[in-house]
Amino acid sequence: MRIFYSTCFLLIMSSCATYYHLNQDFNRNFEMGELPQAEKLLNDNKGAAQSKEKFLYYLNKGTVAALLDKPEESNEFLEKAYLFGEDYKVNYVNEIGSFLTNSNLIEYKGEDHEHLMLLYYKALNYLKMGENENALVECRRLNDRLNKLSDKYRSDNRYKKDAFIHTLMGIVYDANHDYNNAFIAYRNAYNIYKEEYVQLFGVETPEQLRDDLMRTAYLNGFLTELEQYEQEFKKKYKPSVNEGGELVFFWNNGLGPVKSEWSVNFTIIKGSGGFVTFANEEYGLDFPFLLDSDDERGDLTDLSFFRVAFPKYIEREPLYTAANLVADNKTYKLELAEDVNKIAFKTLDERMHIEMAKSLLRAALKKVAEKKLREENKGLATVLSIVNAATEKADTRNWQTIPHSIYYTRVQLPVGVNEVKLKTKARGNSEYNQIHEFQFDISKNKTQFHTFYSLEMAPRFSRNQQSIAP
């Protein structure tokens, strides 16, 4: 009997572990910038490529390879993640099983923003390799995914358009001197920032985007549109002659949130017309369900209350709050273009009602099964109660190597080798006292791309991480 209860205790304890904790060794090495060791841990876990978390395995492999300056290898794994999303099919047997156990039984299919961000990484890898045409392919894929997202969510106040992704598409078209498509992409991005991002995420239109929008309007001869934007932005566009080339610098700052879980007590209230309501007064939650028979209603309303587990995000605040580039005796502010952290919170919040309804049904089915079995065999009912407690778990899987937020700027540089400095400001500091130095060999009329990753988090989350600059 002691062995039995010890086993049950271990089962419950293991069920409490989140996806982050189950991959603690990898996460710790990644967060501290120990990328070769993080890569080794992934390589040693080849079974993950056939697991229900294969999508996340591909994303982590692709991310680590990108940070280790292996863009080609990175894209091989990110392509696998992309194809997984394209080919994903619901396994209805597992879906039904998840109602009896938990959502971890089914394959993790990925959040909407995760499927977009993997293509951002792919496009960056191609730009790094100088393969701008392939980067354009990823932009077209991004556009297709964005259209599907808009079709999926018709209602207002939802994350259904991505301003940064449109900005990225404009930047890639711009680098290929396709100024017409660049203007369209920049205009789409500006409208989304103005109409949706300010309201949903508190992210304003980057000044760099405004400048690029006016510049491409001018280059296309769209003088009416240029005049409109000059009035709207309250600034006059001044054409400049660039005798050199350009640098577009992306700063992936910090790490995105991790999923954890929280639990809520619900009481069951019997209503009229076949309805029962799951209610929680503390959070003002109530979920009415229509049941087919008096027996089903009786089985549920015999239960006083029960706890239900739901997923939640925990933010990992980045250590750095701002950054500048210093080049050719000029300072350029890196501007926030995408708050990945807020998007993650928003997408989970948008579907939380559905998550709660599914979890309530699952928990109710478990409790009814316990009650019925207890009437016949108290010992087996106790076992079932322990198993149900161990399997009452939220799905805490998510892409945990994604950046917290993305910043960018555009810099005009003379032809030849240029010294560029990145200066970052840590949380609580007033000075930009962390400096990283780079050299870029600039060609005439060419755009060079670079991405810098800062993995550091605020001290209360982690220590001793380092920035990664492949």
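In what follows, the structure referred to is the one given above.
Attention in this report is confined to the structure presented alongside it. (Residues numbered from 1 in each chain as written. Predicted model: local features only at pLDDT ≥ 70, side-chain atom pairs only at ≥ 80, totals over all residues. Heavy atoms only, no water.)

## Describing the pattern of salt bridges
Logical step 1: Counting across every chain of the model gives 28 salt bridges.
Logical step 2: The partner of Glu53 in a salt bridge is Arg397, with the nearest N and O atoms 2.9 Å apart. Of the two residues, Glu53 is situated in the loop between α4 (35-44) and α5 (54-67) and Arg397 in the loop between α17 (378-391) and β9 (405-413); the sequence distance between them amounts to 344 residues.
Logical step 3: Among the residues examined, Arg397 registers a relative accessible area of 1% and is labelled buried.
Logical step 4: Here Arg215 makes a salt bridge to Asp174, at a shortest N to O gap of 2.5 Å. Residue Arg215 is located in helix α12 (residues 207-219), and its partner Asp174 is located in helix α10 (residues 163-175); the two are separated by 41 residues in the primary sequence. For the pair formed by Arg215 and Asp174, the shared burial category is buried.
Logical step 5: Counted as one network, the salt bridges with shared partners bring together Asp174, Asp212, Arg215, Glu246 and Arg410. (Salt bridge = Lys/Arg side-chain N within 4 Å of Asp/Glu carboxyl O. Helix = DSSP H or I, 4+ residues; strand = E, 2+ residues; numbered from the N terminus. Buried < 20%, exposed > 50% of the residue type's maximum accessible area, 1.4 Å probe, protein only.)

## Comments concerning the sheet that holds strand β7 (residues 330-333)
Logical step 1: Spatially, the four strands line up as an open sheet ordered β7-β6-β10-β11, and their pairing is antiparallel. Strands at the two margins of the open sheet, each flanked by one partner only, are β7 and β11 (434-442). Within this sheet the neighbouring strands show an average axis-to-axis angle of 25°, counted without direction.
Logical step 2: Bridging between strand β6 (residues 320-327) and strand β10 (residues 416-426) involves seven bridges; their strand directions are antiparallel. Looking across to β10, one finds that Ala327 is bridged to Val420. (Pairing = 2+ DSSP bridges. Axes fitted to C-alpha atoms, helices over the stretch in contact; angles between N-to-C directions.)

## What to know about the packing of aromatic side chains
Logical step 1: The full count for this structure, using the stated rule, is 25 aromatic pairs.
Logical step 2: Measuring from ring centre to ring centre gives 6.4 Å for Tyr121 and Tyr453, while their planes differ by 20°; the resulting arrangement is stacked. One end of the pair, Tyr121, is in helix α8 (residues 112-128); the other, Tyr453, is in strand β12 (residues 447-454), and 332 residues separate them in sequence. Across the pair, Tyr453 and Tyr121 agree in class, each one buried.
Logical step 3: A network of ring pairs unites the aromatic residues Tyr120, Tyr121, Phe164, Phe250, Trp399, Tyr408 and Tyr453 as a single cluster. (Phe/Tyr/Trp six-rings, centres within 6.5 Å; stacked < 30°, edge-to-face > 60°.)

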